[in-house]
Amino acid sequence: MGKWKHTAGEYYGDSSDKGIQTSEDARFYGLSAPLTKTFNSSDGKDLVLQYSVKHEQNLDCGGAYIKLLPGDNFDAANFGGDTPYSVMFGPDICGHSNKRTHVILHSDNKNDNLLIKKDIPTETDNLTHLYTLVVRTDNTFEVFVDNKSVRSGKLEDEFDFLPEKEIKDPDQSKPADWVDDAQMDDPNDQKPDGYDNIPEDIPDPDAAKPDDWDDEDDGEWEPPMIDNPDYKGPWKAKRIANPDYKGPWVHPMIPNPDYVYDEKMHSVCTDGCTHIGFELWQVKTGTLFDDIIVTDSLEEAQKFAEETFFKKKDDEADMLDEKKEAEREEQRKAAVSNVAYT
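Below is a short write-up of the structure.

Analysis parameters
Along each chain, residue indices are assigned from 1 in the same order as the chain's sequence is written. In keeping with the model being predicted, local features are shown solely for residues with a pLDDT of at least 70 and side-chain atom pairs are shown and tallied solely at 80 or more, while totals for entire chains, interfaces and linings include all residues. Each side-chain value is derived from all of the structure's non-hydrogen atoms; neither hydrogens nor water enter the calculation. Helix and strand definitions here come from DSSP, where helices need a minimum of 4 consecutive H or I residues and strands a minimum of 2 consecutive E residues; each element is numbered from the N-terminal end. It only takes one pair of heavy atoms within 4.5 Å for two residues to be counted as in contact. Here a polar contact is taken to be a pair of N or O atoms separated by no more than 3.5 Å, where protein atoms must pair a possible hydrogen donor with a possible acceptor and residues adjacent in sequence count only if both atoms sit in side chains. Disulfide assignment relies on a single distance test, namely cysteine sulfur atoms paired within 2.5 Å. Here the term buried applies to any residue with accessible area under 20% of the maximum for its type, exposed to any over 50%, and partly exposed to those in between, with areas from a 1.4 Å probe on protein chains only. Two strands are said to pair when DSSP picks up at least two bridges between them. Only residues above 30% relative accessible area that lack a salt bridge enter a patch, with like-charged residues linked at up to 9 Å and the nonpolar side chains Val, Leu, Ile, Met, Phe, Trp and Tyr linked at up to 5 Å. Here the open area of atoms and residues is found with the Shrake-Rupley method and a 1.4 Å probe, where only the protein chains shown may cover a residue. One speaks of a salt bridge when a side-chain nitrogen belonging to Lys or Arg is within 4 Å of a carboxyl oxygen belonging to Asp or Glu.

Our focus in this paragraph is the environment of His102. Tracing the chain through its elements places His102 in strand β8 (residues 98-107). Those residues in contact with His102, other than ones at most four positions away along the chain, are Tyr65, Met88, Phe89, Gly90, Asp92 and Leu115. Separated by 3.1 Å, the side chains of His102 and Asp92 make a polar contact.

Structure (structure tokens):
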């Protein structure tokens, strides 16, 4: 397992405000901590999960998501990829095409973890960003990045919590005489006489035997072959509109007898969530996590963000700009030195 560092990072808004940072390349990381109070969805309150992420390493492939973990008997020593979780939320980056903010919620009815259907973009720069997930008791959700809403909707629309309201009628099938070919061969179109005798290649009529060709030494001269302009390929009858065409057959739908609306879709912590954790793989290390809060109040989470993330973000950005400018200056000096040496 990879080692964690307790640090503010290479650039920061407050050197005394430290988070946890991955520190070894190509490693799995696992770390968990107990909540100060168990969150129980049965209490009928919203769930708000919020934390900050900073990629100092130009992350090319690795996760940066947080997990909300259930169970009074949670085994921290064996926390890993097989450990059950109630929520997985946050950035995941691998390559140029796989860049998303994961939202995965546990369904008690399906006994499964459900991934949001449509990807949510994620931030990829080197600054700290704040990720907030709200799961509301009215079975809606919302995702914020830096306190700006980037996705919201109904749980049943964005996740596969519910079975389909309608299903294909099992007693119906496409009639045997159903015609779904829009076109047909023209029965009046006949293959011309001699069509199959037209060769695909013919001797090049413009070719001539070289003057220095010796039939005794070189053998009988034969002109090179070229594509026959009269060859049209295998014969096919012309296509015409099919008078018997009925259009695509549509399977009749009926109400799904197994469909039942689940009032408790939002209840991802039915038996109580007791821990948060990071269980990650990173190729290139250097991601820093901080400002974690689990609460039932978005207002409380936003206030906490003002006291932590927003309080230091501008100074961090300034320090990063200064760091990059110093690096550019060093590169300029090195370039000048190389020219002078040459």
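Here the structure, examined in full by the defined rule, presents two disulfides. Disulfide pairing is shown between Cys61 and Cys94; the S-S distance is 2.0 Å. Measuring the twist about the S-S bond at about -85 degrees, one finds the Cys61-Cys94 disulfide to be left-handed. Placement of Cys61 in strand β5 (residues 61-63) and of Cys94 in strand β7 (residues 87-94) is noted, with a sequence separation of 33 residues between them. Owing to a relative accessible area of 17%, Cys61 belongs among the buried residues under this scheme. A sulfur-sulfur distance of 1.9 Å marks the disulfide that ties Cys269 to Cys273. With the S-S bond torsion at -90 degrees, the cross-link from Cys269 to Cys273 turns out left-handed. Its relative accessible area of 0% is what places Cys273 among the buried residues. Counting its disulfide-bonded cysteines in sequence order, the protein chain shows a connectivity of 1-2, 3-4.

Within a regular strand, side chains alternate between the sheet's two faces. Across the five residues of strand β6 (residues 66-70), four count as buried, placing the element largely inside the fold. Two strands pair when backbone bridges link them, and β6 and β7 are joined in this way by three bridges, in the antiparallel orientation. Counterpart to Lys67 in the pairing with β7 is Met88. Pairing of β6 with strand β19 (residues 273-282), which is carried by four bridges, proceeds in the antiparallel orientation. Of the residues in β19, the one forming a bridge with Leu69 is His275.

With that settled, consider the environment of Lys165. Relative to the assigned elements, Lys165 resides in the loop between α1 (155-158) and β13 (166-168). Placed 89 residues apart in sequence, Lys165 and Ile254 show a C-alpha to C-alpha distance of 8.6 Å. Excluding residues that lie within four positions of it along the chain, Lys165 makes contacts with Ile254, Pro255, Asn256 and Tyr259.

Moving on, we come to a nonpolar patch on the surface. Taken together, the side chains of Met1, Phe28, Trp281 and Val283 define a hydrophobic patch exposed on the protein surface, amounting to about 420 Å² of accessible area. With respect to the secondary-structure elements, Phe28 resides in strand β3 (residues 27-39).

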